[in-house]
Amino acid sequence: MTLLIDKLFANATRFVAVAILLLVAWIFTVLFQHSTEAIAAFGFDFILQDKWAPNLEKFGGFAAIAGSVISTFLAMLFAVPVAIGVAIFLSEIAPAKLKSPVGVSIELLAAIPSVIYGMWGLFYFVPIIRDIFGGLGIGMLTAGIILAIMILPFMAAVTRDAMNTTPDILKESAYALGATKWDVIKDVVIPYAKAGIIGSLILALGRAVGETMAVTFVMGNVHKISLDITAPATSIPVTLANEFTEADTDLYFSSLFELALILMVMSFVIIALAKFYFLRRTRKVK
Amino acid sequence: MTAIEKRLLVNKIVLGLSSLSALIGIGFLFWILYVLVANGIDAINWNIFIFEGAPPGYEESGLRQALIGQLILVGVATAVGVPLGILAGTYLSEYGQKSKLAEIIRDISDIMMSAPSIVIGSFVYAIIVLPMGHFSGWAGVVALAIIMIPIILRTTDDMLQLVPSTLREAAFALGAPKYKVIMQVVYRGAKAGVLTGVLLGIARVGGETAPLLFTSFNDNFLNYDLSEPMASLTVTMFNYATSPYEDWQKMGWAAAFILSMFILGLNILGRLILLKKKGR
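In this text, all values refer to a predicted model and were calculated from it rather than measured experimentally.

## As for the overall build of chain B
Phase 1 of the analysis: A tally of helices and strands in chain B yields 12 helices and 0 strands.
Phase 2 of the analysis: Counting from the amino terminus, chain B carries its helices and strands in the arrangement α-α-α-α-α-α-α-α-α-α-α-α.
Phase 3 of the analysis: In terms of overall dimensions, chain B is more spread out than a globule: its C-alpha atoms have a radius of gyration of 24 Å, far above the 19 Å expected for 280 residues.
Phase 4 of the analysis: Viewed in the frame of its principal axes, chain B has a C-alpha envelope of about 75 × 70 × 35 Å.

## A look at the packing of aromatic side chains
Phase 1 of the analysis: Evaluation of the coordinates by the stated rule reveals 28 aromatic pairs over all chains.
Phase 2 of the analysis: Between Trp 120 of chain A and Trp 31 of chain B the ring centres are 5.0 Å apart and the planes differ by 90°, which places this aromatic pair in the edge-to-face class. Note that Trp 120 of chain A is positioned in helix H5 (residues 114-133) and Trp 31 of chain B in helix H1 (residues 3-43), a pairing that runs across two chains.
Phase 3 of the analysis: Taking relative accessible area as the criterion, Trp 31 of chain B reaches 28% and is therefore assigned partly exposed.
Phase 4 of the analysis: Between the aromatic rings of Phe 244 of chain A and Tyr 125 of chain B, the centroid separation amounts to 4.9 Å while the plane-to-plane angle is 80°, which identifies the pairing as edge-to-face. Within this pair, whereas Phe 244 of chain A is found in the loop between helix H10 (236-243) and helix H11 (250-279), its partner Tyr 125 of chain B is found in helix H5 (residues 117-132), the two belonging to separate chains.

## Quick look at the side chain of Thr 234 of chain A
All names here are of chain A.
Phase 1 of the analysis: Note that Thr 234 resides in the loop between helix H9 (213-219) and H10.
Phase 2 of the analysis: Residue Thr 234 is classed as buried on the basis of its relative accessible area of 1%.
Phase 3 of the analysis: A polar side-chain atom of Thr 234 sits 2.9 Å from a polar atom in the side chain of Asn 221.
Phase 4 of the analysis: In this structure the side chain of Thr 234 is engaged in a polar contact, spanning 3.1 Å, whose partner is the side chain of Thr 239.
Phase 5 of the analysis: Residues contacting Thr 234, with those up to four places away along its chain left out, are Ala 63, Ala 64, Gly 67, Ser 68, Met 219, Asn 221, Val 222, His 223 and Thr 239.

Cut-offs applied
- Within each chain, residues carry numbers counting from 1 in the order of the written sequence.
- Working convention: letters from A go to chains and numbers from 1 go to ligands, in the order in which they are written.
- pLDDT decides what is reported in this predicted model: residues at 70 or higher carry local features, side-chain atom pairs at 80 or more are listed and counted, and totals for whole chains, interfaces and linings draw on all residues regardless.
- Each side-chain value is worked out from all heavy atoms of the structure, with water and hydrogens disregarded.
- Strands here mean DSSP runs of E at least two residues long; helices mean DSSP runs of H or I at least four residues long; both are numbered from the N terminus.
- Using C-alpha atoms as the atom set, the radius of gyration is obtained and then compared with a globule rule of 2.2 Å times the number of residues to the power 0.38.
- In summary, the pairing rule links any two rings of Phe, Tyr or Trp, Trp by its six-membered ring, whose centres are within 6.5 Å, and it sorts them by plane angle into stacked for under 30 degrees, edge-to-face for over 60 and tilted for everything else.
- Exposure is judged per residue with a 1.4 Å probe applied to protein chains only, and the accessible area is read against the type maximum: over 50% gives exposed, under 20% gives buried, and values in between give partly exposed.
- Any pair of nitrogen or oxygen atoms within 3.5 Å is treated as a polar contact; in protein, a donor-acceptor pairing is required on top of that, and neighbouring residues in sequence qualify only through side-chain atoms on both sides.
- Whether two residues are in contact is decided by their heavy atoms: any pair within 4.5 Å suffices.

Printed below as a string of C-alpha cells:
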C-alpha cells in the first residue's frame, strides 16, 4: 500500500512537471494554428507591410513590430545608464544604513502593476511631454520613458546582485594598490559581473518588449510609422490589447494571432539568450 | 593637473553621477507612489464598497463587483496554480534533481516567467473563449494560473533544495517511504520559503490586466458565476481611467490605490516571513 502511494506521488509530480513543457509547446501550436489564415493570405509580406486596414481586410504588421522595437530601444537607452548607476550606488557607494531601505524600495516598486504605471503616465507624464514637445504628448517617446521607468527597478536589482557577487578580496587587493573607488568599479567589479549585468539587461529588454498595459495608455494605437517619435504610434502588445475584442472577421483575428505569435517568438528568443548565454554562471547565486 | 588629481576628480564625478541616478530612480518611483496615495485617499469612500458600477454621473456608483470579482479570479487561480506549481517543483527538487529533463523544465519555466502575459491571454482566448463562444471567469482563472505556475514551481524547487539532505537521510533511516519524507520532513522544513513564493505569485497575478482583457473581460454587475464574464479591479481600472468622465477616472484611482496597497502588502508580508525564518 505504502509502495503504491509512493509510486503514485512520484508519478503525479513527474506528470505535472512534464505537463508544463507540453503547455509551452501547446501555446506555440495554438498561436501558429490560428495564424495560418493570415500567413496564407499575406505570407512574408505581413512582416514588411505597414498597411493595417481592417475595413479593407489588409493587414501588415510592420508598424506594430517596428513600434515594439523602437519603443524598447528608447526604453533601454534611457534605463540602462540610470540602472547601472543605481546598481553601483547600491552595491558600492551607499552607506550600510541606506543600502537596505533603498534596495528594498527599489524592489518593491518593481512589484507595482503595469496598469498603474500606465495611469500615472497618462495623467501626469503625458501633459509634461505635451508641454515640452507639443502635439498630443502620446507616442513612442512617452512610451519609451514610461517603459524605462518600469524596467529600471528590475534591471537595477539584478545588476546589483551580479555586482555583489564580486569577491571582497579582489576589491581589497585593488584598493591596496591605491585604486580609487571608480577604478575598482570599472576594473574589478564590472568586468567580474559582466555576464550577469548583460544578462540582466537582456532580461529587462525581454520584459519591455512584452509590456502591455503601461504602454497601451500612452502609445495611441496608430498603425503608422513616423520618423517623429512624439507622434502617436503602436506596438504589438498595444495592438493586441486594443483590437482583440474588436476583431470581427476571421482574417482580422488571424492577423492578431500572428502578431501574438511573433511577440511570443521575440520574447522567447530574447529571454533564452539572456538565460543560456549570460546568466548560467550567476544563476545559483541569486 | 597631475594624474592622481585627475583620477580623484573622475572618481568624484562618477560617484556623484551614480548617486544622482539612484536619486532619479527613487524620485520617479516615489512620485508614482505619492500620486497613488494622494488620488486614492481622495477617491475612497463607502460607496465604492457598497455599490456596483453605474453610468457616469450617478452618485451611487462603486467598485463592489470589481473587488469581489478580483478576489474570486485570483483566489481560484491560486487554488489551481499553487498545488500544480508545488507538485512540479517537488519533482524538480526531489526526483528529477540534476537530470536532463529537470534542467529543461527549469529553463522553460524561467522563460515562461518572463513571457508576455498578453500572449498567454490570446492563447487562453483561443482554447477557451472561442470554443465556449463567450468570455468567462474560467478563462481568466486559467490565464492567471498559467502565469502563476512557473513562479511557484521555481521558488518551490529552490526552497526544497535548501532543506539539508541530512534531514531526509535521517527520515529514510527510520524506514519512511519517500512520499512521507517529502510531505512530513521536506515540506515542513521549506514551509516559510514556499509560502513566500505563493504570496509573491499571488501578488504578481493580482496586478495582471492584459491577460484578463480578453478572457474574463468585464462586467458592471456583481457576478459569482465563473462561466460568465467577470469584473476585475485591473480591467475596471483600465476602462475607467481611459474614459473621459471625471467621476469614472476618480473611481479608477480608488481601484488603483486599493490594488497597489494589496500587492505591496503581499510583497512586504512575503519578505517578513523569509526574514523571520533567516533570523531563527
